[in-house]
Amino acid sequence: MGENAVSMELIREAFLYQNRFAGKTVVFKIDFPVTESAGFSYLMKDIALLIKTGIKVIIVPGSAEYISRVLTDHNITSSFADSERITANGAMPYVEMAAFHAATRFITALSASRVDALIGNFVRARGRGVVHGQDFGQTGVVDKIYVESVRRVIDAGMTPILPCIGWSPAGKPYNVSSNGITVAACEALGAIKLVIVTTDWTEKQLNIAAPASVERDEKGKMLRVTPEEVREILKTNAAPALGKTKSHLILSLAALEAGVERVHIVDGTEEGVILRELFSNLGAGTMINSGEYDAIRPIRNSDIPDMLRLMEPLMQTGILLRRNAEDIQQKKDDFAVFVVDGAIHACAALHNWGEGQAEIAALASDPMYKSMGAGRRLVRYFIEKAVKSGCDRVFALTTSTQDWFEQLGFNETTVESLPRRKREIYDRKRNSRIYALEL
Ligand SMILES: CC(C)(COP(=O)(O)OP(=O)(O)OC[C@H]1O[C@@H](n2cnc3c(N)ncnc32)[C@H](O)[C@@H]1OP(=O)(O)O)[C@@H](O)C(=O)NCCC(=O)NCCS
């Protein structure tokens, strides 16, 4: 596929996603070190773009590290219990100062894109109190998010920023965890997505043992993880190996339980990471999703134009036999597509020729998504289908994919071994090789 075709494909995908996300709420939890990185202004420009295209964005600054830094600068020792800061009364003014200062970093960056933003008192909190004899001082827990207030701000065209401070009904400030605010905001506002923006995301995962089913890229970054796999990772890795990843993963699980469809964890210092992760199926970070993300399914009439788009270049070069929309429609039940997040990335058909033999045909995989297992999974799907319908052999005719079929266990065979009806129409001029798998 030429470069031009690749960018057209990306533009199509972007429109598709934009359409799906417009009017929906997406919560961004952005860690403190990201705000200090050189790429922060670019990241915020991309977030501003999302806001301008009609996505309702809520920003929760993760300021724990910044608060620690400010407290240290003022000779105040931070102590923690159950990974939570104990906020001594004397420390609270500094915590407030640090939390609000961290939040202003976002106001500043959004100003550059002329996005109106508001740091607000949107969180009601109550004191954590004394737990197992440990007095948590002015550390609080989130009681509720003032949903109506947040909505009013969004409806007025502004982006709400929720610093890690909450107030009691009497107006007493508490230091609450930004993760707690994130989960409460996701739930209260019905967010469809949570995006956790951090630094060194790939490096953080390198020493982490994950189940074999977790797909990683060539650098070792986990691409897609299910909640079950996250639980397994949390169970099998000791806390020191997990480091900060532990809190990202726990937050992800909590957000999924709170109802978001997907959590994305990205490295905020990588250019364009938000747009690539949200607007392209290829992604740029790690996605944790509760529902089905990719699947093989029978085709619908509305799939046919997309299938023809996949097949066209292969038909032009003679790799696939020419078929038109009617041909596909006539054998509709034979076809299946491999779909990623609603978009078709591969297709194929299984034609039953009788005599216990079925043919895998019209196999076409999107070159932009090659080597991601789509072809293999379709073949496996059809093998299963052939077994279920009582076949004892599947075969494929190919001019250039013999090695690929061999890798899947197929062996070269002869025209004579094909069922009679297929033998009769075998195009000797085309001289395809025949590969078969005994079931
Ligand atoms: C063959 C095809 C379906 C593979 O699709 P895919 O989604 O990339 O498949 P998978 O991810 O399951 O397999 C990819 C692997 O096969 C290898 N591969 C792809 N085409 C190959 C070929 N023609 N010969 C040998 N190996 C091939 C890739 O290098 C890759 O190897 P890797 O996993 O070690 O990186 C796709 O390349 C295609 O559409 N080809 C043209 C159509 C065609 O020939 N159809 C068969 C006739 S019915």
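Residues numbered from 1 in each chain as written. Predicted model: local features only at pLDDT ≥ 70, side-chain atom pairs only at ≥ 80, totals over all residues. Heavy atoms only, no water.

With respect to the helices and strands, N289 occurs in strand 17 (residues 286-289). You can call N289 buried: its relative accessible area is 7%. Ignoring sequence-local partners within four residues, the contact set of N289 consists of V225, T226, P227, E261 and R262. (Helix = DSSP H or I, 4+ residues; strand = E, 2+ residues; numbered from the N terminus. Buried < 20%, exposed > 50% of the residue type's maximum accessible area, 1.4 Å probe, protein only. Contact = heavy atoms within 4.5 Å.)

On to the pattern of salt bridges. Tallied over the entire structure, the rule returns 19 salt bridges. Here K29 and D31 are joined by a salt bridge, their closest N and O atoms 3.3 Å apart. With relative accessibility at 5%, the residue K29 sits in the buried group. When its relative accessible area of 2% is taken as the criterion, D31 is described as buried. Notably, a salt bridge pairs R322 with E312, separated by 3.1 Å at the nearest N-O pair. Of this pair, R322 sits in the loop between helix 13 (304-316) and helix 14 (325-330) while E312 is found in helix 13, placing the two residues 10 residues apart along the sequence. The exposure class of R322 is exposed, given its relative accessible area of 52%. For E312, a relative accessible area of 26% gives the class partly exposed. Here the residues in one salt-bridge network are K29, D31, E65 and K244, joined through shared partners. (Salt bridge = Lys/Arg side-chain N within 4 Å of Asp/Glu carboxyl O.)

Attention shifts here to the pairing of strand 15 (residues 222-225). Where strand 14 (residues 215-216) and strand 15 come together, two bridges link them in antiparallel fashion. Bridging from a neighbouring strand, R216 pairs with M222 of strand 15. Between the antiparallel neighbours strand 14 and strand 15 lie five residues, among them G220 with a positive phi of about 100 degrees. (Pairing = 2+ DSSP bridges.)

A few words now on helix 7 (residues 178-189). Along its 12 residues, helix 7 runs 16 Å from first to last C-alpha, staying within 8% of the 16 Å computed at 1.5 Å per residue. Of the residues flanking the end of helix 7, it is G190, one or two places downstream, whose phi is positive at about 60 degrees. (Expected span 1.5 Å × (residues − 1).)

Here helix 15 (residues 374-388) is 15 residues long and its end C-alpha atoms lie 21 Å apart, about the 21 Å a rise of 1.5 Å per residue gives. Within the span of helix 15, buried status applies to A374, G375, L378, V379, F382, I383 and A386. Downstream of helix 15 by a residue or two, G390 has a phi angle that is positive, lying close to 85 degrees.

This paragraph deals with the domain arrangement of the protein chain. Assigned domains of the protein chain: these are domain 1 (3-291) and domain 2 (295-438). On a C-alpha basis, the centroid separation for the pair domain 1 and domain 2 is 44 Å. At the junction of the two partners, domain 1 supplies 10 residues and domain 2 supplies 10 residues. Summed over both partners, the interface of domain 1 with domain 2 buries about 930 Å², with 50% contributed by carbon and sulfur atoms. Broken down residue by residue, the surface that domain 1 buries against domain 2 is led by E9, N281 and L282, which jointly contribute 49%. Applying the counting criterion to the domain 1 and domain 2 interface returns one salt bridge. Between D341 and R262 there is a salt bridge; the shortest N-O distance is 2.8 Å. Top element by residues in the side of domain 1 that touches domain 2 is helix 1 (residues 3-21). It accounts for seven residues. Tallied by class, residues from the side of domain 1 that touches domain 2 come to four nonpolar, one polar and five charged. (Domains from an automatic or database assignment. Buried area = accessible area lost by both parts, 1.4 Å probe. Nonpolar A, V, L, I, M, F, W, Y, C, P; charged D, E, K, R; others polar.)

Near the ligand there are 16 residues, and of these S365, S371, G373, R376 and T401 occur at the shortest range. In this structure, S371 approaches the ligand through a main-chain N or O atom, which is 2.8 Å from an oxygen atom. Residue W404 places a side-chain N or O atom 3.1 Å away from an oxygen atom belonging to the ligand. Put simply, the parts of the chain that give the shell around the ligand at least two residues each are strand 21 (357-365), helix 15 and helix 16 (402-407). Residues that form the shell around the ligand fall into these classes: seven nonpolar, six polar and three charged. (Near = heavy atom within 4 Å. Polar contact = N/O pair within 3.5 Å; in protein donor to acceptor, adjacent residues only side chain to side chain.)

Next up on the list: the nonpolar core. Ranked by size, the top nonpolar core spans 57 residues in total, and within it F28, I30, L43, M44 and I274 carry the most contacts. No other element matches helix 3 (residues 40-52), which puts seven residues into this core. Setting aside chain neighbours within four positions, we find L43 in contact with I30, V34, V197, G268, V273 and I274. Listed in part, the 56 residues of the second largest apolar core include I67, V153, V225 and I233. (Core = buried A, V, L, I, M, F, W, Y, C linked by side-chain atoms within 4.5 Å.)

Right, let's get into the packing of helix 3 against helix 5 (residues 92-111). At a closest axis distance of 9 Å, the pairing of helix 3 and helix 5 adopts a crossing angle of 70 degrees. In this view, helix 3 runs roughly perpendicular relative to helix 5, as classed from their interaxial angle. Judged by residue contacts, F40, M44, A48 and I51 of helix 3 engage R105, F106, A109 and L110 from helix 5. For the contact of helix 3 with helix 5, the residue count by class is seven nonpolar, no polar and one charged. (Axes fitted to C-alpha atoms, helices over the stretch in contact; angles between N-to-C directions. Parallel < 35°, antiparallel > 145°, perpendicular 65-115°, else oblique.)

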